[in-house]
Amino acid sequence: MAKKIFLSCVFMMSVLLLTVACNRVNHDGAVDGYWMVESIETKSDGSMRYPDRHMVCVQLEIMQLRAPFMLASGEIMAYDKETGVMTVDFRSGSIEPEALANYGIYENPVTFHVDADRKKLVLTTPTSVIKCKRY
């Protein structure tokens, strides 16, 4: 009898674990991944920057910006795959506005228009266009 109860408990815990684990699937589609920034265009004057070793990492509800001597994490507040609009809030960390400006991000939280496939990612804000390739 004790063995049956034990096996029932193990089965129920397995079902519960699988139910919770399945909730954390990749729901951002082509956006999820590790991206290397190729260029940042400033819309106001058309200037282009080609940063060295600037990365964007998107996984589930987190976006990280990585560059030499900098790491910024932001919470993805909303992402609508159909309209391609993503809002990210970088206020949870101690990131300075100047560090975000290195990525062409001048407001926080920031809303991106996202154009992505499995090889490229383009994040467009009212002030900048950030072009990335999968790393």
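Here we summarise the structure given alongside this text. Being a predicted model, the structure only gives us computed values, none of them experimental.

1. Some thoughts on the pattern of salt bridges
Following the criterion strictly, the structure yields two salt bridges and no others. Across the salt bridge formed by D52 and R53, the nearest N and O atoms sit 3.7 Å from each other. Residue classification places R53 among the exposed residues on the basis of a relative accessible area of 55%. As a salt-bridge pair, K120 and D115 come within 3.1 Å of each other at their nearest N and O atoms.

2. Things to note about the pairing of strand 9 (residues 128-134)
Relative to strand 9, strand 1 (residues 33-42) runs antiparallel, the two sharing seven bridges. Looking at the pairing, V37 lines up with C132 of strand 9. Inspection of the sheet shows strand 8 (residues 120-124) paired to strand 9 by five bridges, in the antiparallel sense. From the neighbouring strand, L121 faces strand 9, where its bridge partner is C132.

3. Overview of the nonpolar core
In terms of nonpolar packing, the biggest core is built from 26 residues, with V56, M63, L65, F90, I105 and F112 touching the most fellow members. Those residues in contact with V56, other than ones at most four positions away along the chain, are G33, Y34, W35, V37, M63, Q64, L65, Y103 and C132.

4. With respect to the side chain of T87
Secondary-structure assignment places T87 in strand 6 (residues 85-89). At 3.4 Å, the side chain of T87 forms a polar contact with the side chain of T111.

5. What about unusual backbone geometry?
For residues besides glycine, phi is generally negative; the peptide bonds are generally trans as well. Of the consecutive residues N108 and P109, the connecting peptide bond is found in the cis state with omega at 0°. Relative to the elements of secondary structure, P109 occurs in the loop between helix 2 (97-101) and strand 7 (110-116). Its identity is not glycine, yet R53 carries a phi of approximately 60°, on the positive side. As for its placement among the helices and strands, R53 is situated in the loop between strand 2 (48-49) and strand 3 (55-59).

6. Description of the environment of I130
Within the element layout of this structure, I130 appears in strand 9. Exposure remark for I130: the relative accessible area of 2% places this residue in the buried category. A C-alpha to C-alpha distance of 7.8 Å links I130 and E38, two positions 92 residues apart in sequence. Those residues in contact with I130 that lie beyond four places of it in its chain are V37, S39, I40, Y103, I105, F112, L121, V122 and L123.

Calculation notes
- Residues numbered from 1 in each chain as written.
- Predicted model: local features only at pLDDT ≥ 70, side-chain atom pairs only at ≥ 80, totals over all residues.
- Heavy atoms only, no water.
- Salt bridge = Lys/Arg side-chain N within 4 Å of Asp/Glu carboxyl O.
- Buried < 20%, exposed > 50% of the residue type's maximum accessible area, 1.4 Å probe, protein only.
- Pairing = 2+ DSSP bridges.
- Helix = DSSP H or I, 4+ residues; strand = E, 2+ residues; numbered from the N terminus.
- Core = buried A, V, L, I, M, F, W, Y, C linked by side-chain atoms within 4.5 Å.
- Contact = heavy atoms within 4.5 Å.
- Polar contact = N/O pair within 3.5 Å; in protein donor to acceptor, adjacent residues only side chain to side chain.

Shape is all these values report; function is a separate question.
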